[in-house]
Amino acid sequence: MSDDSQFCITTRDLSLWYAKFQALKQVNLNIRQGLITSLIGPSGCGKTTLLRCFNRVNERCGYVTTTGEIRILDKNIYDPDVSLISLRKAIGMVFQRPNPLPISVYENVVFGLRIHSEGGVKKSELDAAVEVALTEVGLWTDLKDRLNDKAVGLQLEQQQKLCIARLLPLKPEIILMDEPCSALDVDGTRAIEELMFSLKGRYTMVIVTHNMMQARRSSDECIFMLMGEVVEHSRTEELFLTPKNAKTAEYIEGRYG
Amino acid sequence: MNSTERSTSSAVPRFVETEFVRKKQRAEWIARGFFAFMAASIVVPLLLILGYIIVHGAPAISWEFLTENPRSGGAKGGIWAAIVGTIYIVAISLAVSAPIGVLAAVYLNEYAKENWFNRVVNLAVVNLAGVPSIVHGLFGVGAFVYFANFNQGRKSILAAALTLAVMTLPVIIASTKEALAAVPRSFREACWNVGATRWQTIWKIVLPNSISGILTGVILQVSRTAGETAPVMLTGVATWKSLQDSGWFLYHPIKDQCMALSMHLYYVATQANNVPEAVPYAIATVLVGLVLLVNATAIGFRVYLRSRKKW
């Protein structure tokens, strides 16, 4: 094994139960810093559950039990001294349906800054943050004159970009994406994929997708999961061209799923 | 083979009404008409009741009737004392039940997890809503008149208002919970996932987007509070407590009992002598008018808030 510092997320024997149902079984993973890693597998294989472990949103439901360890930047996020608030500030999440807040575009982008600042932020800082974040996701030219418009009135593609822009002012380490393109059309999907490429390197991205071709196009590494277990984890080309496991081969050929 | 069969069968007319289809259609019309009739039958009694009351009561309503104290056992004078008393009771009661109810509902909807404590609270809310109002009245006598003893063991406006507050609490909790639950979960998830605390989520996103529903639920309780007779009769409303002696001075909420429209209506309609026939109807008209006025304000406010919210 090469040195650990290049790994951003490491799990050790991670298991998770929804009441009596075991959704994750002894998951051991090393997700590399700065790359796009995709999680693929048939419905119900635990991809989304695994993703939601990384910022501990699964625990909202009282009946979830987790065992094992998740180290993010070499800190076990299940340690008692971990604050969920700072954890989620560092690990952003993008959802299947774009979920902008029912406030203006501007307020959406600065929402994180406002809730994490003591005693308020200067208007100039907020303005700057909005411009930087919207430029980074490619919305600035379109929206710079409509910053006070309601965010929920934007096109879906713009909404999804805005949801990504909303994370950036908090300078997250990791961006988790749960099927970020499944509500979008072809152009929207391409736009989000291009955006992911442009963010690569600065942020570690983990993306859950149902779309094998999307995983193939857009990710550096690929993890194939089945029935709560990690079957195969390798570089994307390797996984698609020379899968080591027969189950993986059958899945990427489309025999089931 | 197959294609020849098809071409022969195409001689038979297609897509036409058969007797069976016509039968189904008739059943459909009958069902639709029946349901529509039932829906319309809700409106008719309401209009009849309102019309009957207003036709009989309107002649007796005058400026003097609204602004003078009752005299001669309700046979003469007006109903000013009862209007003031009703407003007192409704205002104090809602001032108590609205904050408690709304905050409790926020807890139940936003914070509570599934455990025995919250199950007990929810069960209590449901059952509290099912207690008859006279039982609330009896509870009010014990709890607020004697035990809390605001007014040396005598009835008081405060005791009556608190009794009604207990009565309206479960309904306010239920309507507030509904309004909160109508805020999409995705908004909350968006907040949590940038590290917002629950309180920040509630304050910045959930409450601003549910306030119209919450207020509507609260204000709709005005009509219930204003109309109740039994519980307030036991705890704070007198048949005769005019504001005559003190002129236009108002009631003292703790030391005084008061008159109320609901109670006064009962009194002049059944107990008093020589009351003109129109007076009870006039009182009813005023009571209904007051409630409709408050509800109309609520509806207007709701429309205004709705127009600002878009998702």
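What counts as what
- Residues numbered from 1 in each chain as written.
- Chains lettered and ligands numbered in written order.
- Predicted model: local features only at pLDDT ≥ 70, side-chain atom pairs only at ≥ 80, totals over all residues.
- Heavy atoms only, no water.
- Helix = DSSP H or I, 4+ residues; strand = E, 2+ residues; numbered from the N terminus.
- Rg over C-alpha atoms; globule rule 2.2 N^0.38 Å.
- Buried < 20%, exposed > 50% of the residue type's maximum accessible area, 1.4 Å probe, protein only.
- Contact = heavy atoms within 4.5 Å.
- Areas by Shrake-Rupley, 256 points an atom, 1.4 Å probe, with all protein chains shown as cover.
- Lys, Arg positive; Asp, Glu negative; His and termini not counted.
- Charge placed at Lys NZ, Arg CZ, Asp CG, Glu CD.
- Buried area = accessible area lost by both parts, 1.4 Å probe.
- Salt bridge = Lys/Arg side-chain N within 4 Å of Asp/Glu carboxyl O.
- Polar contact = N/O pair within 3.5 Å; in protein donor to acceptor, adjacent residues only side chain to side chain.
- Nonpolar A, V, L, I, M, F, W, Y, C, P; charged D, E, K, R; others polar.
- pLDDT = per-residue confidence, 0-100.
- Pairing = 2+ DSSP bridges.
- Axes fitted to C-alpha atoms, helices over the stretch in contact; angles between N-to-C directions.

Once that is clear, we can look at the overall build of chain B. Assigned secondary structure in chain B consists of twelve helices and two strands. Reading the secondary structure of chain B in the N-to-C direction produces α-α-α-β-β-α-α-α-α-α-α-α-α-α. The C-alpha atoms of chain B give a radius of gyration of 27 Å, which is well past the 19 Å a tight globule of 311 residues would have. Along the three orthogonal principal directions, the C-alpha set of chain B runs to about 105 × 60 × 35 Å. In chain B, buried positions account for 40% of the 311 residues. Taking as baseline every contact in chain B between residues at least 6 positions apart, the subset at least 24 positions apart corresponds to 74%. Of the roughly 17400 Å² of accessible surface on chain B, a fraction of 68% belongs to carbon and sulfur atoms. Side chains of chain B carry 26 positive and 14 negative charges; the gap between the two charge centres is 7 Å.

In this complex, chain A contributes 26 residues to the contact, which on the side of chain B involves 20 residues. When chain A packs against chain B, close to 2000 Å² is buried across both sides, 63% of that on carbon and sulfur atoms. Contact with chain B buries area across many residues of chain A, yet Arg-60, Pro-102 and Ile-115 of chain A alone supply 32% of it, more than any other trio. Joining chain A to chain B, the criterion identifies one salt bridge. Between Glu-189 of chain B and Arg-52 of chain A there is a salt bridge whose closest N-O contact spans 3.5 Å. Applying the counting rule to chain A against chain B returns four residue pairs in polar contact (both at pLDDT 80 or more). Those elements that provide at least two residues to the side of chain A that touches chain B are helix 2 (84-90), strand 6 (91-94), helix 3 (105-115) and helix 6 (156-167) of chain A. For the side of chain A that touches chain B, the class distribution of residues is 14 nonpolar, four polar and eight charged.

The next point concerns the confidence of the model for chain B. Interpretation of this model should avoid reading the predicted coordinates in detail wherever pLDDT is low. Across chain B, the average pLDDT comes to 86, with 93% of residues at or above 70. Mean pLDDT across the elements of chain B ranges from a minimum in helix 1 (residues 2-9) of chain B, with 53, to a maximum in helix 2 (residues 19-57) of chain B, with 94.

With that settled, the discussion passes to the pattern of salt bridges. Residues and elements named next belong to chain A. All chains considered together, the criterion is met by 23 salt bridges over all chains. Note that Arg-235 is salt-bridged to Glu-237, the shortest N-O span being 2.6 Å. A residue is classified by how much of its surface remains accessible, and Arg-235, at 44% relative accessible area, is partly exposed. Residue classification places Glu-237 among the partly exposed positions, given a relative accessible area of 41%.

It is worth spelling out the sheet that holds strand 7 (residues 174-178) of chain A at this point. Residues and elements named next belong to chain A. Here we have six strands laid out as an open sheet, ordered 6-7-8-3-9-10, and mixed in their pairing. The two strands at the open ends of the sheet, each matched to only one other strand, are strand 6 and strand 10 (229-235). With strand direction ignored, the average angle separating the axes of adjacent strands in the sheet is 20°. Direction of pairing for strand 3 (residues 36-40) relative to strand 8 (residues 204-208): parallel, over a ladder of four bridges. Residue Leu-39 lies in a different strand from strand 8, and its bridge partner there is Val-208. Where helix 6 meets the sheet, its contacts fall on strand 6 and strand 7, and the angle it forms with strand 6 comes to roughly 170°. The strands touched by helix 7 (residues 186-199) within the sheet are strand 3, strand 7 and strand 8, with strand 8 carrying the most contacts at an inclination of about 150°.

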